[in-house]
Amino acid sequence: MAKPTVLVTRRLPEGVQDKLAATFDARLNPEDAAWSGDGAEIVRRAAEAGPAGILCAAGDALNARTIAALPDSVRIIATFSVGTDHIDLPAAQARGIAVANTPDVLSFATAEIAFTLMLMAARRAGEGERLVRAGAWTGWAPTQLMGTTLEGKTLGILGFGRIGRELAQMARGMRMAIHYRNRSRVAPELEEGAIYHDNDDSFLGAIDVLSMHIPGGAETRRWLDATRIARLKRGAIVVNTGRGTTVDDDALIAALRSGHLAAAGLDVYDGEPRVHPGYLVLENIALLPHLGSATVETRQAMGDRCIENLAALLIEGREPPFRVA
Ligand code: DGY
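Residues numbered from 1 in each chain as written. Predicted model: local features only at pLDDT ≥ 70, side-chain atom pairs only at ≥ 80, totals over all residues.

Per an unreviewed UniProt entry, the protein chain goes by the name D-glycerate dehydrogenase and belongs to Roseomonas alba. Of the protein chain, the UniProt comment under Sequence similarities (unreviewed entry) reads exactly: "Belongs to the D-isomer specific 2-hydroxyacid dehydrogenase family." (UniProt positions renumbered as here; feature names shortened; annotations may be inferred.)

Laid out in C-alpha cells, this is it:
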C-alpha cells in the first residue's frame, strides 16, 4: 500500500524527520522558519502535494481562509504543539478535517521555563548578566542588584492544568505557598494543598507572583489588563509562558515602569516574533524567545505524538489519540 502523503510545514528535529520519512511519503521542509504569506504558501504547497495530512506548528496560519483553500485530500492537521490557537478549529470541523495536538509531553519543560523566568525576575538575573557582558561590573557590592527571594512567597497559578501543576511541584521545593485560579476546582488529589480561588479579585490580591498558563484565543485575549494588574500587590512579579495574546502589553509596561510591579518574565508575545518595543528598554523584565518546550527530549516526544496522531487516522484507520477537534 502506498504511504500517505504528509506535508510538513517546518524543519523538525532529525530523529522526528527520519521517523516521518520512514512512515509516510513525507514532504519535509528544509527551512527553519515559518513559510511566509499568512497561510498562502501552505495552501500552494498543499495544492502541489495533495497531502492526506498536514503537520504544522505554532505560528503557522491555519486560519479559516487557509483551511477553506486546502485540497479535499487533507484529512488531518497534526500540530507540533499543545496550543491550537493558530488553527481555526470550527473551520477544520466544517471541512471534516481532524485536528490533533501534543499534550503532556511538554508540561515539565514549559514549567521549567516558567520557573526560570520567575527566578530571573525575582533575582534580577538578566540585569546581572547584561552588566557582566557589558564589562560594566566593578566588583561585589553590598547593595548591588538586590532582588527578592521566592522562599515563603505566594505563587498564583492562572490555569491549573498539567503545566501549572508541574510548576506548583517545583515551587513547593522553594517553600512557596500555591494558590490557583482555574475554570473550576480540580480534584483534591491534584491540588496537593494548593488553594483554589473562584474569583479574580481574591486570587490577584492574595499572591506575590502570578504565573500565567492559559490558552490563547478570543476568550482570554488581554486577560491581564490594567484593571487586573491594579489588583495585584505592589511589588508583585508576573510571568507568562502561555500565549502573548493574554496580556495587555501597554498595561504591563506601564506597571513595570511605575514600579507597581517589581518585575516580569515573558516567553511568549502577542504577534511574535515581534516583541513590543516598550519591553526591550526595560531593565526589570526577562525576555525569552518562546523556549517553553525547547528541549531535545521534549521536541522528540512532540514529534512522536504527531506521528502517532497521523498514523492512527491515515494508516490504522482509527481515531487520533490526541484529537482536539
Ligand atoms: C505549544 O506547544 O503550544 C508551545 O507554545 C510551542 O512549544
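Additional details are given in the paragraphs that follow.
Caption draft 1: Geometry of the UniProt feature "domain: D-isomer specific 2-hydroxyacid dehydrogenase NAD-binding" (unreviewed entry) in the protein chain. Mapped onto this numbering, the UniProt entry gives "domain: D-isomer specific 2-hydroxyacid dehydrogenase NAD-binding" (unreviewed entry) at residues 115–292. Between the first and last C-alpha atoms of residues 115–292 the distance is 11 Å; the span itself is 34% helix and 17% strand. (Helix = DSSP H or I, 4+ residues; strand = E, 2+ residues; numbered from the N terminus.)

Caption draft 2: Representation of the nonpolar core. Counting residues in hydrophobic clusters, the biggest one holds 92 residues, and the most contacted among them are Ile237, Val239, Leu261, Ala264 and Leu310. For this core, the element with the most residues is helix H5 (residues 107–123), which contributes ten residues. In terms of domain composition, this core takes at least three residues from each of domain 1 (5–105 + 295–314) and domain 2 (107–287). Non-local contacts of Val239, meaning those with residues more than four positions away in its chain, are made with Ala114, Leu117, Met118, Ala121, Val209, Leu210, Ser211, Met212, Ala264 and Gly265. (Core = buried A, V, L, I, M, F, W, Y, C linked by C-beta atoms within 7 Å. Buried ≥ 20, exposed ≤ 12 C-beta atoms within 10 Å, placed from the backbone. Domains from an automatic or database assignment. Contact = placed C-beta atoms within 7 Å.)

Caption draft 3: How the structure looks around the sheet that holds strand E1 (residues 5–8). Reading across from one edge, E2-E1-E3-E4-E5 is the order of the five strands in this open sheet, with parallel pairing throughout. With partners counted over all chains shown, the strands left at the sheet margins are strand E2 (25–27) and strand E5 (98–100), one partner each. Averaged over all adjacent pairs, the angle separating strand axes in this sheet is 20 degrees, with direction ignored. Here strand E3 (residues 53–56) runs beside strand E4 (residues 76–79); their pairing, made up of four bridges, is parallel. Within E4, the position partnered with Gly53 by the bridge is Ile76. Relative to E4, helix H13 (residues 296–314) is tilted by about 165 degrees, and along the sheet it contacts E1, E3, E4 and E5. (Pairing = 2+ DSSP bridges. Axes fitted to C-alpha atoms, helices over the stretch in contact; angles between N-to-C directions.)

Caption draft 4: A look at the site of the ligand. Neighbouring residues of the ligand: Ala58, Ser81, Val82, Gly83, Leu106, Gly292 and Ser293. Tallied by class, the residues present in the shell around the ligand amount to three nonpolar, four polar and no charged. (Near = placed C-beta within 6 Å. Nonpolar A, V, L, I, M, F, W, Y, C, P; charged D, E, K, R; others polar.)

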